[in-house]
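A look at the structure
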Amino acid sequence: MPHSSNAKSSRRFSTLSSLLVGAGLASAGGFLAWSPESPLRNQSAIAQTAPAAPAIAAAANPNFITDVVTEVGPAVVRIDASRTVSQGIPDVFNDPNFRQFFGGRSPQGGQERTERGLGSGFIISEDGQIITNAHVVDGADTVTVTLKDGRILDGQVLGSDPVTDIAVIKVNERNLPTVSLGNSDQLQPGEWSIAIGNPLGLDNTVTVGIVSGVGRSSNQVGVPDKRVEFIQTDTAINPGNSGGPLLNQQGEVIGVNTAIISGAQGLGFAIPINMVDRIATELAETGQVEHPFLGIQMITLSANVKEEINSNPNSGLTVEEETGILIARVLSDSPAAKGGLRAGDVITAIGGESVTDSTEVQRIVGAGRVGENLTIEVQRRGEAKSLEVRSENLPQ
């Protein structure tokens, strides 16, 4: 169905990339909906280490899914989180003119309520390290982990990273079953994918599909505040699956089920396990993750985008190039501002690598380290310039 030019323009400019530079995630059903009454929430999980399991060939073994579930299922856990929230008295009750309607009295102190969340996770070490989504345990006072064999263990959050929506939990137990990790960099569309989790509180549910796509940007998924290039799958993901493992036909974890697009069918997304492994290791060791930050907002240029910007009297920009990445905004006192980048500059290369899309810039910056100098080549009013920008840690 054709769209109006205004709709096209709106959609393009909605892809404005935040390379402030940290980006977002829409969880399977949305981020953890803290609600005292509903047990149905979407949460998530991840994976890390273990010796590689023997390959299970789907063509040679029609029961390969059963074999995968038997092998991996014991390492997939349910995570229950709760937190206490205090409700204060609205300021209006302190107004004498308002209190006269209540006989001059005001309500007594605030009230407390307990909010509960449900999610999934999986065990990555025999001594009890578990990966889940950050939103599953966000602000939690207590975390409990339920194993497939029925054991219920207290969990401690070792670290949480909202930028990638990854958290690591520790339980005090030994000789636990663990998952094996695959290589998400080698994934190709069309490969088998298997999800295990707790959708809608139905523990140990298994769903099957294929990898539908790889490298989906946070903007494409609708969560530009995250720094993730997602795996797309048609494997059924529902609230509660978020945080469970996405597995290949060998039973290796290739991603963490974490996102769906509301109102769509067969559109689920997972965080690639290679990224998860790196983030989880840093969280377990230090409790936090540093993310390189430049402080710019970007738009990927095309002939149509150029025309729309130049014809918009409120854009404040004039663009001559039809390719590259336009810097739409530079935050004050940011690394980009200190390095001399300006709004209106068009990035053509970074770190010696040519770029044509804003997600490529984000990937290159995100793969670096805080404090690293980046050579950024730009076109400024038809003149080529090369600037050195020293990245800083993403502000929280």
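Counting from 1, residues in each chain are numbered in the order their sequence is written. Whole-chain, interface and lining totals are the exception, using all residues; otherwise, since this is a predicted model, local features are given only for residues with pLDDT of at least 70 and side-chain atom pairs are given and counted only at 80 or more. Derived side-chain values reflect all non-hydrogen atoms in the structure, with water molecules and hydrogen atoms excluded from consideration.

1. Re the overall build of the chain
Note the following rule: Numbering of helices and strands starts at the N terminus; helices are DSSP runs of H or I of at least 4 residues and strands are runs of E of at least 2. Burial classification: accessible surface area is computed with a 1.4 Å probe over protein chains only, and a residue below 20% of its type maximum counts as buried, one above 50% as exposed, and the rest as partly exposed. Methods summary: accessible areas were calculated by the Shrake-Rupley approach with a probe of 1.4 Å, and residue burial reflects only the protein chains presented.
Helix and strand content of the chain: 9 helices and 22 strands. Expressed as a percentage of the 396 residues in the chain, the buried residues total 46%. About 18600 Å² of surface is accessible on the chain, with carbon and sulfur atoms providing 46% of the total.

2. Regarding unusual backbone geometry
Positive phi is not limited to glycine here, since Asp-165 has a value of about 60 degrees. You will see that Arg-381, though not glycine, has its phi angle at about 55 degrees, which is positive. Looking at the secondary structure, you find Arg-381 in the loop between strand 20 (373-380) and strand 21 (383-390).

3. A few points about a nonpolar patch on the surface
Note the cut-off: Residues with no salt bridge and a relative accessible area higher than 30% make up the patches, which join like charges within 9 Å and nonpolar side chains (Val, Leu, Ile, Met, Phe, Trp, Tyr) within 5 Å. In what follows, salt bridge is the name for a side-chain nitrogen of Lys or Arg lying within 4 Å of a carboxyl oxygen of Asp or Glu.
A contiguous nonpolar surface patch, about 280 Å² in accessible area, is contributed by Trp-192, Val-206, Val-208 and Ile-210. Residue position: Ile-210 is located in strand 10 (residues 205-216).

4. Quick notes on the nonpolar core
How we decide: Here, nonpolar core refers to any group of buried Ala, Val, Leu, Ile, Met, Phe, Trp, Tyr and Cys residues whose side-chain atoms link them within 4.5 Å.
Val-179 and Ile-271 are the most contacted members of the largest nonpolar core, which has 32 residues in total. Here this core gets 6 residues from one element, more than from any other, and that element is helix 6 (residues 273-286). Ranked by size, the runner-up nonpolar core spans 18 residues in total, among them Ile-347, Val-361, Ile-364 and Leu-374.

5. Overview of the packing of aromatic side chains
Let me state the cut-off plainly: For Phe, Tyr and Trp, rings pair up if their centres lie within 6.5 Å, where Trp contributes its six-membered ring, and each pair is then called stacked (planes under 30 degrees apart), edge-to-face (over 60) or tilted (otherwise).
Using the criterion set out here, one finds 2 aromatic pairs in the structure. Taking 5.2 Å as the distance between ring centres and 65 degrees as the angle between the ring planes, the aromatic pair formed by Phe-64 and Trp-192 counts as edge-to-face. Taken as a pair, Phe-64 in helix 2 (residues 64-72) and Trp-192 in strand 9 (residues 192-197) lie far apart in primary sequence, 128 residues in all. Among the residues examined, Phe-64 registers a relative accessible area of 4% and is labelled buried.

6. Looking at the environment of Thr-164
By the element assignment, Thr-164 lies in the loop between strand 6 (152-161) and strand 7 (166-171). Separated by 125 residues in the primary sequence, Thr-164 and Val-289 place their C-alpha atoms 9.6 Å from one another.

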